[in-house]
Amino acid sequence: MEGMQAYGAGKAGGAFDPVTFFQQPHTVLRIVSWLFSIVIFGCIANEGYINRRDNVEEFCIFNRNQNACNYGVCMGSLAFLCCLGFLALDVYFPQISSVKDRKKAVLADVGVSAFWSFMWFVGFCFLANQWQVANPDDNPLKEGGDAARAAITFAFFSIFTWAVQSFLAFQRYKLGADSALFSQDYVDPSQDVSGAPYSSFSPGDDQESPEAAGQARGEAGFEGGDGYQRQDY
């Protein structure tokens with residue numbers, strides 16, 4: 001019974017095994033996505049704003065487009081928090097005893113991971129385009145160039161890490177409950193009498209008590225015995 005699983009986890013109540021937890025593919029991908037989000041918002045927040053010598057006011061390194069820097073910082077911060085949230089859910093997931101709750105958690109993983117894959121695709125296209133059309137004269141010293149390219153690169157990588165997470169979650173959803181122990185429609189055969197072709201059997205059903213047998217014979221002899229006829233008054 002120990003090998004039975006529901007949506008990728010065994011029976012609720014088992015001890016937490018950190019080695020097994022960190023060896024799971026979706027856990028590894030969450031940690032990688034978490035690190036990528038740190039790189040993205042860290043690079044933009046620290047080196048994504050520059051200024052010219054003749055102007056003390058800072059501007060976004062991505063073609064002076066403040067929206068590009070805001071997008072990178074905001075999405076990186078939210079992805080960072082989202083990864084932490086799902087890592088906590090992964091730790092708690094084996095303790096969820098309800099199959100319906102496990103199903104909701106896996107479906108949420110599918111949707112959220114697909115959403116972040118799309119958002120990083122948009123972010124990569126946006127940042128790459130603004131970096132490409134940026135005016136070199138705005139940054140003659142090439143300050144922050146490596147940070148900008150790193151943010152674009154890891155935004156590109158994040159597309160695939162989140163997409164694979166969504167795929168793995170979908171595989172867990174399709175796997176569902178692989179045993180009757182976790183099946184939502186499972187009915188104990190001893191309790192299922194709706195489809196039984198005959199009534200349940202008990203050892204005492206074919207044995208008649210002496211009192212009942214004697215009473216039945218007495219009634220039969222009284223009503224249907226030879227030489228006696230019932231008279232109606």
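Here's a quick rundown of the structure. Bear in mind that the values here come from a model prediction, so they are computed numbers and not experimental data.

Helix length check: helix α5 (residues 145–175), at 31 residues, gives a terminal C-alpha distance of 46 Å against a target of 45 Å (1.5 Å per residue), a fit within 8%. Gly176 occupies a position one or two residues after α5 and carries a positive phi of about 55 degrees.

Attention shifts here to helix α4 (residues 99–132). The terminal C-alpha atoms of α4, which comprises 34 residues, lie 49 Å apart, in line with the 50 Å expected from a rise of 1.5 Å per residue. Its side-chain oxygen 3.4 Å from the backbone nitrogen of Lys100, Ser98 forms the N-cap of α4.

Another point: a nonpolar patch on the surface. Together, Leu78, Leu81 and Leu84 make up an exposed nonpolar region whose accessible area comes to about 260 Å². We classify Leu81 as exposed; its relative accessible area is 52%.

Let's shift gears to the packing of aromatic side chains. In this description, a pair of aromatic rings is defined by centroid distance and the angle of the planes. Applying the stated criterion to the full structure yields 15 aromatic pairs. Ring plane angle 80 degrees and centroid distance 6.2 Å describe the contact between Phe41 and Phe80, whose orientation is recorded as edge-to-face. One end of the pair, Phe41, is in helix α2 (residues 25–47); the other, Phe80, is in helix α3 (residues 66–92), with 39 residues separating them in the sequence. Taken together, the ring pairs connect Phe36, Phe124, Phe154, Phe156, Phe157 and Phe160 into an aromatic cluster.

About the criteria used
- Residues numbered from 1 in each chain as written.
- Predicted model: local features only at pLDDT ≥ 70, side-chain atom pairs only at ≥ 80, totals over all residues.
- Heavy atoms only, no water.
- Helix = DSSP H or I, 4+ residues; strand = E, 2+ residues; numbered from the N terminus.
- Expected span 1.5 Å × (residues − 1).
- Polar contact = N/O pair within 3.5 Å; in protein donor to acceptor, adjacent residues only side chain to side chain.
- Patch = residues over 30% accessible without salt bridge, like charges linked within 9 Å, V, L, I, M, F, W, Y side chains within 5 Å.
- Areas by Shrake-Rupley, 256 points an atom, 1.4 Å probe, with all protein chains shown as cover.
- Salt bridge = Lys/Arg side-chain N within 4 Å of Asp/Glu carboxyl O.
- Buried < 20%, exposed > 50% of the residue type's maximum accessible area, 1.4 Å probe, protein only.
- Phe/Tyr/Trp six-rings, centres within 6.5 Å; stacked < 30°, edge-to-face > 60°.

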